[in-house]
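Commentary on secondary and tertiary structure
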Amino acid sequence: MDVIHKIGRRKTAVARAYVAPGKGNITINKKDLANYFTTATLQYKVKQPLVLTNNDANFDITVNVFGGGITGQAEAVRLAISRAMCEVDAENRLTLKPEGLLTRDPRMVERKKFGQKKARKKFQFSKR
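Residues numbered from 1 in each chain as written. Predicted model: local features only at pLDDT ≥ 70, side-chain atom pairs only at ≥ 80, totals over all residues. Heavy atoms only, no water.

Overview of the sheet that holds strand β1 (residues 4-10)
Hydrogen bonding along the main chain pairs the strands of a sheet, whether they run parallel or antiparallel. Put simply, the rule is: Two strands form a pair only when DSSP identifies at least two bridges running between them. Helix and strand definitions here come from DSSP, where helices need a minimum of 4 consecutive H or I residues and strands a minimum of 2 consecutive E residues; each element is numbered from the N-terminal end. Here, two residues are considered to be in contact whenever any of their heavy atoms come within 4.5 Å of each other. Note on method: axes are straight lines fitted to C-alpha atoms, helices fitted across the in-contact stretch only, with angles between N-to-C directions ranging 0 to 180 degrees.
Pairing is mixed across the open sheet formed by 5 strands, whose spatial order is β1-β2-β5-β3-β4. Lying at the two open borders of the sheet, with one neighbouring strand each, are β1 and β4 (31-32). As judged from the 2 bridges shared by strand β3 (residues 26-28) and β4, these two strands associate in the antiparallel manner. Each residue of the ladder has a partner; that of Thr 27, found in β4, is Asp 32. Packed onto the sheet, helix α3 (residues 70-88) meets β1, β2 (13-21) and β5 (59-66) and runs at close to 145° relative to β1.

Pasting the structure below:
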């Protein structure tokens, strides 16, 4: 098997995942998974597609991720790994699809409008 390259996106975060056969090491931006995503919730999100497909010790994964915040980056990495798992074995799609791990979340931050404080919040009106 050759190295599989897949891209995942969430909000403004973009993750490029390179999946190769190995012992289960996950490296993100040249750091270990536990050092890059320090909270257990974010680590769980990244490992979720591997655990569901029982491949958590079969592949070495290298990820380059940039843009967005820490949660958006974790979800972008999750999408990239999910797409790679589908290319490894087509049967994995049947377990990942019902969990919603193959769907790109389209929600983005709404832009700020002219003459308003934020996207929807208005300036306070006073009668002075």
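The structure having been displayed, the exposition proceeds.
With respect to the packing of helix α2 (residues 40-52) against α3
As a reminder, the rule being used: Roughly parallel here means an angle under 35 degrees, roughly antiparallel means over 145, roughly perpendicular means 65 to 115, and every remaining angle is called oblique. Under the convention adopted here, Pro, Cys and the residues Ala, Val, Leu, Ile, Met, Phe, Trp and Tyr are nonpolar, Asp, Glu, Lys and Arg are charged, and Gly plus all remaining residues are polar.
It is the contact of α2 with α3, at a shortest axis distance of 8 Å, that shows an interaxial angle of 10°. On the basis of their axis angle, the class for α2 and α3 is roughly parallel. Note on element contacts: α3 touches α2 through Ile 70, Thr 71, Ala 74, Glu 75, Val 77, Arg 78, Ile 81, Ser 82 and Met 85, opposite Leu 42, Lys 45, Val 46, Gln 48, Pro 49 and Leu 50. Here the contact of α2 with α3 is built from residues that sort into 9 nonpolar, 3 polar and 3 charged.

Observations concerning the pairing of β5
Formally: Relative accessibility under 20% of the residue-type maximum defines a buried residue, over 50% an exposed one, and the middle range a partly exposed one, all with a 1.4 Å probe and only protein chains included.
Residue alternation in β5 divides its side chains into a buried set, Phe 59, Ile 61, Val 63 and Val 65, and an unburied set, Asp 60, Thr 62, Asn 64 and Phe 66. Relative to β5, β2 is paired through 8 bridges, and the arrangement is antiparallel. The residue of β5 that forms the bridge with Pro 21 is Phe 59. Of the strand pairs in this sheet, β3 and β5 are connected by 3 bridges, and their pairing is parallel. If you follow Thr 27 over to β5, its bridge partner there is Thr 62.

Observations concerning the nonpolar core
To be explicit about the condition: To define a nonpolar core, start from buried Ala, Val, Leu, Ile, Met, Phe, Trp, Tyr and Cys residues and group those joined through side-chain atoms within 4.5 Å.
Membership of the largest hydrophobic core comes to 28 residues, with the highest contact counts inside it found for Ile 28, Phe 37, Ile 61 and Val 63. Where this core is concerned, the elements lending two or more residues are β2, β3, α1 (33-36), α2, β5 and α3. Once residues lying within four places of it in the same chain are set aside, the contact partners of Phe 37 are Ile 28, Leu 42, Gln 43, Val 46, Ile 70, Gln 73 and Ala 74.

Here we look at α2
Spelled out, the test is: Expected span of a helix: the number of residues minus one, times 1.5 Å. The seven residues ending at a residue and the seven starting there each receive a fitted axis; the angle between those axes is the bend at that residue.
The terminal C-alpha atoms of α2, which comprises 13 residues, lie 17 Å apart, in line with the 18 Å expected from a rise of 1.5 Å per residue. The principal kink in α2, of about 45°, is found at Val 46, preceding the proline Pro 49 by one to four residues. Buried within α2 we find Leu 42, Gln 43, Lys 45, Val 46, Gln 48, Pro 49 and Leu 50. Each element contacted by the buried residues of α2 is listed here: β3, α1, β5, α3 and α4 (92-96). Immediately beyond the C-terminal end of α2, within one or two residues, lies Asn 54, with a positive phi of roughly 60°.

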